[in-house]
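Below, each chain spelled out in residue letters.
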Amino acid sequence: MNALFPARLRLGVNIDHVATIRNARGGAHPDPVRAAQIVAAVGGDGITAHLREDRRHIRDEDLARIQASTSLPLNLEMAATDEMLEIALRHKPHAACIVPERREERTTEGGLDAAGQHNRLAPIVQRLTDAGIRVSLFIAPEMRQLDAAIRLGAPVVEFHTGEYAHAEGEQRAVELKRLADMAALAARNGIEPHAGHGLTYDNVQPVAAIPQIAELNIGHYLIGEAVFVGLENAVRRMRELMDAARG
Ligand code: PXP
């Protein structure tokens, strides 16, 4: 396989919002573990889960249950805090994606300021790496942030596709080019580019067609679609669209 152009684009499914629905009633249903098992059964490539500081969806005990219930790699999204570092080191997920986190936000609204937070991030990246956890930094597709990720020695960056997903008209092409340029630059610097946030059936294909991008992480739309068509069908449809775009 050519490292610059991975043949198969991986799909990581973010199952946080299964837990959001569960937590709305305080019980055990629907169980994000069952969602993880379905994702595995229909050929998803990974499970992504964000343990937020306020535990609004995924809870600590879910992590071990997800890890025990499927052989798919777990990508733990985490804020750069001592508490989350300690949890990641305890659970040893396949990957840890460091995301910015503000308590009042509804979702991860922007990329991590890797450039402005070098000193805070460097020891966290190092400790995760030393533990054998593949570190990813969730950054905007900007030169300054990619430079910072290179300086931090992160093997992976996940580009925040929110600006692209929300752009309208000609601006969408501008945002797509930004993603494509930054993905190419990341790959040239030996960093594996991933992408995610706000991706849907309607907007996934141009991002999936960027040849250097190795993985997409998609959550809210898939879980929303699952309400209507079931999670199996939603994941299968997304997979088909990704494969078609990749040619
Ligand atoms: N990747 C990261 C790092 C995220 O934080 C999220 C959730 O905000 C996603 C991907 C998935 O985004 P969405 O739920 O909009 O598909």
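First things first, this report covers the structure right here in the doc. Since the model is a prediction, treat every value here as computed from it, not as a measurement.

1. A look at the nonpolar core
Okay, step 1: In terms of nonpolar packing, the biggest core is built from 72 residues, with Ile 98, Leu 128, Leu 137, Ile 139, Leu 146, Phe 159 and Leu 216 touching the most fellow members.
Okay, step 2: Among the elements that take part in this core, helix 11 (residues 231-246) stands out by supplying 6 residues, more than any other.

2. Notes on unusual backbone geometry
Okay, step 1: Following His 29, the chain continues into Pro 30 via a peptide bond in cis, with omega recorded as -5 degrees.
Okay, step 2: Relative to the helices and strands, Pro 30 is located in the loop between helix 1 (16-25) and helix 2 (32-41).
Okay, step 3: With a phi close to 45 degrees, Lys 92 is a non-glycine residue in the positive phi region.
Okay, step 4: Along the chain, Lys 92 turns up in the loop between helix 4 (82-91) and strand 4 (95-98).
Okay, step 5: With phi around 115 degrees, His 197 is a residue other than glycine that occupies positive phi space.
Okay, step 6: Inspection of the secondary structure assignment puts His 197 in the loop between strand 7 (192-196) and helix 9 (204-208).

3. Structural notes on the side chain of Glu 77
Okay, step 1: Tracing the backbone through its elements, the reader meets Glu 77 in strand 3 (residues 74-78).
Okay, step 2: Here Glu 77 is buried and forms no salt bridge, its nearest opposite-charge partner Arg 52 lying at an N-O distance of 7.0 Å.
Okay, step 3: Dropping the residues within four chain positions of it, Glu 77 is found in contact with Asn 14, Thr 48, Ala 49, His 50, Leu 51, Cys 97 and Val 99.

4. As for the site of the ligand
Okay, step 1: Around the ligand there are 14 residues in total, and Glu 77, Glu 158, Gly 198, Gly 219 and His 220 lie nearest to it.
Okay, step 2: Between a nitrogen atom of the ligand and a side-chain N or O atom of Glu 158, the distance comes to 2.4 Å.
Okay, step 3: With respect to the ligand, the backbone of Gly 219 contributes an N or O atom lying 2.8 Å from an oxygen atom.
Okay, step 4: Contact with the protein chains removes 94% of the 390 Å² of surface that the ligand exposes when unbound.
Okay, step 5: Its residues assigned to classes, the shell around the ligand shows 4 nonpolar, 8 polar and 2 charged.

5. A look at the sheet that holds strand 1 (residues 10-14)
Okay, step 1: Pairing in this closed barrel of 8 strands is parallel, and the strands run 1-2-3-4-5-6-7-8 around the ring. Averaged over all pairs of adjacent strands, the angle between their axes in this sheet comes to 25 degrees, without regard to strand direction.
Okay, step 2: As judged from the 4 bridges shared by strand 4 and strand 5 (residues 134-139), these two strands associate in the parallel manner. From the neighbouring strand, Ala 95 faces strand 5, where its bridge partner is Arg 134.

6. Examining the pairing of strand 5
Okay, step 1: Burial analysis of strand 5 places 5 of its 6 residues in the buried class, which makes it a mostly covered element.
Okay, step 2: When strand 5 meets strand 6 (residues 156-160), the two strands line up parallel, connected through 4 bridges. Residue pairing across strands places Leu 137 opposite Val 157, the latter belonging to strand 6.
Okay, step 3: Of the crossover connections in this fold, the one passing from strand 5 over helix 6 (residues 143-152) to the parallel strand 6 is right-handed.

7. So, helix 8 (residues 170-188)
Okay, step 1: Counted at 1.5 Å a residue, the expected span for helix 8 with its 19 residues is 27 Å, and the 28 Å between its end C-alpha atoms agrees.
Okay, step 2: Residues of helix 8 that are buried: Glu 175, Leu 179, Met 182, Ala 183, Ala 184, Leu 185, Ala 186 and Ala 187.
Okay, step 3: Just downstream of helix 8 lies Gly 190, where phi reads positive at about 80 degrees.

8. Observations concerning helix 10 (residues 220-229)
Okay, step 1: Considered for burial, the residues of helix 10 that qualify are Leu 222, Ile 223, Glu 225 and Ala 226. When helix 10 is viewed along its axis, its buried side chains cluster within an angular range of 160 degrees and face the same direction. Every exposed residue of helix 10 that faces more than 90 degrees away from the buried side is listed here: His 220, Val 227 and Phe 228.
Okay, step 2: Structurally, helix 10 contributes buried residues whose contacts are with strand 1, helix 1, strand 8 (215-218) and helix 11.
Okay, step 3: The positive-phi residue at the C-terminal boundary of helix 10 is Gly 230, with phi of around 90 degrees.

9. A few points about the packing of aromatic side chains
Working definition: an aromatic ring pair is given by the centre-to-centre distance plus the angle between the planes.
Okay, step 1: On inspection of all chains with the given rule, the structure shows 1 aromatic pair.
Okay, step 2: With a centroid separation of 4.9 Å and 80 degrees between ring planes, the pair formed by Tyr 201 and Tyr 221 is classed as edge-to-face. With a gap of 20 residues between them, Tyr 201 in the loop between strand 7 and helix 9 and Tyr 221 in helix 10 connect regions that are remote in the sequence.
Okay, step 3: Accessibility expressed as a relative area gives 17% for Tyr 201, which makes it buried.
Okay, step 4: Take Tyr 221: its relative accessible area is 24%, and that puts it in the partly exposed class.
Okay, step 5: Across the ring face of Tyr 164, the terminal group of Arg 172 is positioned such that the distance to the ring centre comes to 5.1 Å.

Conventions and cut-offs
Residues numbered from 1 in each chain as written. Predicted model: local features only at pLDDT ≥ 70, side-chain atom pairs only at ≥ 80, totals over all residues. Heavy atoms only, no water. Core = buried A, V, L, I, M, F, W, Y, C linked by side-chain atoms within 4.5 Å. Buried < 20%, exposed > 50% of the residue type's maximum accessible area, 1.4 Å probe, protein only. Helix = DSSP H or I, 4+ residues; strand = E, 2+ residues; numbered from the N terminus. Lys, Arg positive; Asp, Glu negative; His and termini not counted. Salt bridge = Lys/Arg side-chain N within 4 Å of Asp/Glu carboxyl O. Contact = heavy atoms within 4.5 Å. Near = heavy atom within 4 Å. Polar contact = N/O pair within 3.5 Å; in protein donor to acceptor, adjacent residues only side chain to side chain. Areas by Shrake-Rupley, 256 points an atom, 1.4 Å probe, with all protein chains shown as cover. Nonpolar A, V, L, I, M, F, W, Y, C, P; charged D, E, K, R; others polar. Pairing = 2+ DSSP bridges. Axes fitted to C-alpha atoms, helices over the stretch in contact; angles between N-to-C directions. Right-handed = clockwise from strand over helix to strand, strands pointing away. Expected span 1.5 Å × (residues − 1). Arc of directions from axis to C-beta. Phe/Tyr/Trp six-rings, centres within 6.5 Å; stacked < 30°, edge-to-face > 60°. Lys NZ or Arg CZ within 6 Å of the ring centre and 35° of its normal.

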